Amino acid sequence: MDIVLSGIRSTGKLHLGNYFGALGNFVRMQHENKCFFFIADYHSLTTHPTPEDLHGSVKQVLAEYLACGLDPEVATLYIQSDVPQIPELYLLLNMNAYKGELERCTSFKEKVRKQPNNINAGLLTYPTLMAADILIHKATKVPVGKDQEQHLEMTRTFANRFNRMYKVDYFPEPVAFNFGEDLIKIPGLDGSGKMGKSEGNAIYLSDAPETIRKKVMKAVTDSGPTQPNQPKPEAIQNLFTIMKAVSSPDTVQYFEDKYNACEIRYGDMKKQLAEDIITFTTPIRQRIEAILADNDKLQRVARMGAEKARESASKTISDVRHIIGFREF
Ligand code: TYM
């Protein structure tokens, strides 16, 4: 049986990329494996949220996990900052993580470009905290989107380095995982790049139908193909990629055929796409609203998850401490 783990940063609401890259992917696996899913609230501190925003986001994301079908009785569902063994493993792994490799990490370089006034040590060591998240439960499969591939590669490097350094075969090699296919990248609606919270191009699971219609109708397109079976420009391919995630195969095929015959009307395609997204998100949105109103339930779930996660994490940290050489007198 695999140990499966994944998480999402608590920097606001979840979008379609989070769902198809991680959460929905994970929900499909929760009954067959030993599963951990958590809210990465320490990771969200790199952007300095206010105390109110920090707490509000964690609550929102917890409600969204439940609304998407994560079963807290089956999977261990917890908040990162409830498990003190994670920052302890992070500290230990940081001793063998090198400045050069951390600086070369694509996500770090991107942050340096985007927020030159806040290049903090937490950003630089983001991959070691993520490795600690994964290795603390000795996870083997990590359902994530394509953007996290490099972080998983670094986790394997840190795990192997630890094993080599202490001549043990302790940490397994975790792999980024998607249910049955390649890793997914859900694009944004702005013509290029991935859907992301900070990109301003996302459709959120909690968006109202009218908001979704407006966002989709504004998505970037072009004047249409001029020859049959022409390759699709990025912006158009993006619409098809999102459609493939939310619409029926027949619908996708219909618009593929129209595109290949140079008969596509992007207005029609966008209308269909918006309605299919709304059909997909409406039950989730309604459940989010109901769960957010039930504070007792959220508290119960968080406490139960924290307890289960700490139990698994304390076993690993005690092994690791022993391997490193921390002993009682
Ligand atoms: P985060 O919070 O940016 O995103 C959470 C998850 O959503 C996926 N994702 C996407 N997948 C496909 N298309 C997109 N447009 C898209 N946008 C986001 C991400 O791949 C991710 O799986 N570092 C992580 C959180 C984290 C984590 C972990 C994940 C911390 N520790 C341990 C797994 C295991 C992050 O910032 O993801």
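Residues numbered from 1 in each chain as written. Predicted model: local features only at pLDDT ≥ 70, side-chain atom pairs only at ≥ 80, totals over all residues. Heavy atoms only, no water.

(A) Geometry of the overall build of the protein. Counting secondary structure elements, the protein contains 13 helices and 5 strands. Dimensions of the protein, computed from C-alpha atoms along their principal axes, come out at roughly 80 × 45 × 45 Å. With 329 residues in all, the protein has 49% of them scored as buried. Once local pairs closer than 6 in sequence are excluded, the contacts in the protein between residues at least 24 apart make up 78%. With an accessible surface of roughly 16100 Å², the protein has 51% of that area assigned to carbon and sulfur atoms. Of note, the protein has its 41 positive side-chain charges centred 3 Å away from the centre of its 41 negative side-chain charges. (Helix = DSSP H or I, 4+ residues; strand = E, 2+ residues; numbered from the N terminus. Buried < 20%, exposed > 50% of the residue type's maximum accessible area, 1.4 Å probe, protein only. Contact = heavy atoms within 4.5 Å. Areas by Shrake-Rupley, 256 points an atom, 1.4 Å probe, with all protein chains shown as cover. Lys, Arg positive; Asp, Glu negative; His and termini not counted. Charge placed at Lys NZ, Arg CZ, Asp CG, Glu CD.)

(B) Structural view of the site of the ligand. The local shell around the ligand holds 28 residues, among which R9, Y126, D133, D147 and I186 are the closest. The separation between an oxygen atom of the ligand and a polar side-chain atom of Y126 is 2.6 Å. Between D133 and the ligand, the recorded distance is 2.7 Å, taken from a side-chain N or O atom to a nitrogen atom. Here the ligand loses 98% of its free accessible area of 700 Å² to cover by the protein chains. (Near = heavy atom within 4 Å. Polar contact = N/O pair within 3.5 Å; in protein donor to acceptor, adjacent residues only side chain to side chain.)

(C) Just the domain arrangement of the protein, in detail. By domain assignment, the protein separates into domain 1 (3-184 + 295-324) and domain 2 (209-289). One C-alpha centre belongs to domain 1, the other to domain 2, and the line joining them spans 32 Å. The interface of domain 1 with domain 2 comprises 8 residues on the first partner and 9 residues on the second. Of the roughly 660 Å² buried at the junction of domain 1 and domain 2 (both faces included), carbon and sulfur atoms supply 83%. Counting the surface domain 1 buries against domain 2, the share from its top three residues, L16, F20 and A67, is 67%. Between the two partners, domain 1 and domain 2, sit 0 salt bridges. One can count 1 residue pair in polar contact (both at pLDDT 80 or more) joining domain 1 with domain 2. (Domains from an automatic or database assignment. Buried area = accessible area lost by both parts, 1.4 Å probe. Salt bridge = Lys/Arg side-chain N within 4 Å of Asp/Glu carboxyl O.)

(D) Quick peek at the packing of helix 9 (residues 209-217) against helix 12 (residues 266-292). Contact geometry for helix 9 and helix 12: axes closest at 9 Å, N-to-C directions at 150°. Judged by the angle between their axes, helix 9 and helix 12 are roughly antiparallel. Our pair here, helix 9 against helix 12, has a crossing hand that is right-handed. Packed against helix 9, whose contacting residues are P209, I212, R213, V216 and M217, the element helix 12 presents G267, K270, K271, L273, A274, E275, I277, I278, T281 and R285 at the interface. (Axes fitted to C-alpha atoms, helices over the stretch in contact; angles between N-to-C directions. Parallel < 35°, antiparallel > 145°, perpendicular 65-115°, else oblique. Left-handed = near helix turned anticlockwise from the far one by under 90°.)

(E) Focus on the nonpolar core. Formed by 59 residues in total, the largest nonpolar core has its most connected members in L23, Y65, L70 and I277. Here the element with the most residues in this core is helix 12; it accounts for 9 residues. Here this core spans two domains, and each of domain 1 (3-184 + 295-324) and domain 2 (209-289) adds at least three residues to it. The residues touching L23, leaving out its near neighbours within four places in the chain, are I8, L14, N18, F37, E64, Y65, C68 and L70. By size, the runner-up hydrophobic cluster in this structure holds 38 residues, among which are M130, A131, M154 and F171. (Core = buried A, V, L, I, M, F, W, Y, C linked by side-chain atoms within 4.5 Å.)

(F) Layout of empty space enclosed by the protein. Taken as a whole and judged by the stated rule, the model has 2 cavities of 30 Å³ or more. Its volume calculated, the largest cavity comes out at about 40 Å³. In this structure, the largest cavity is lined by G188, L189, G191, A219, V220, A235, N238, L239 and I242. Classifying every residue of the lining of the largest cavity gives 6 nonpolar, 3 polar and no charged. Approximately 30 Å³ is the volume found for the second largest cavity. (1 Å grid on protein atoms, 1.4 Å probe; cavity = no way out; pocket = protein on both sides within 12 Å on 5 of 7 lines; lining within 4 Å. Points joined across faces, edges and corners; volume = space filled by probe spheres on them. Nonpolar A, V, L, I, M, F, W, Y, C, P; charged D, E, K, R; others polar.)

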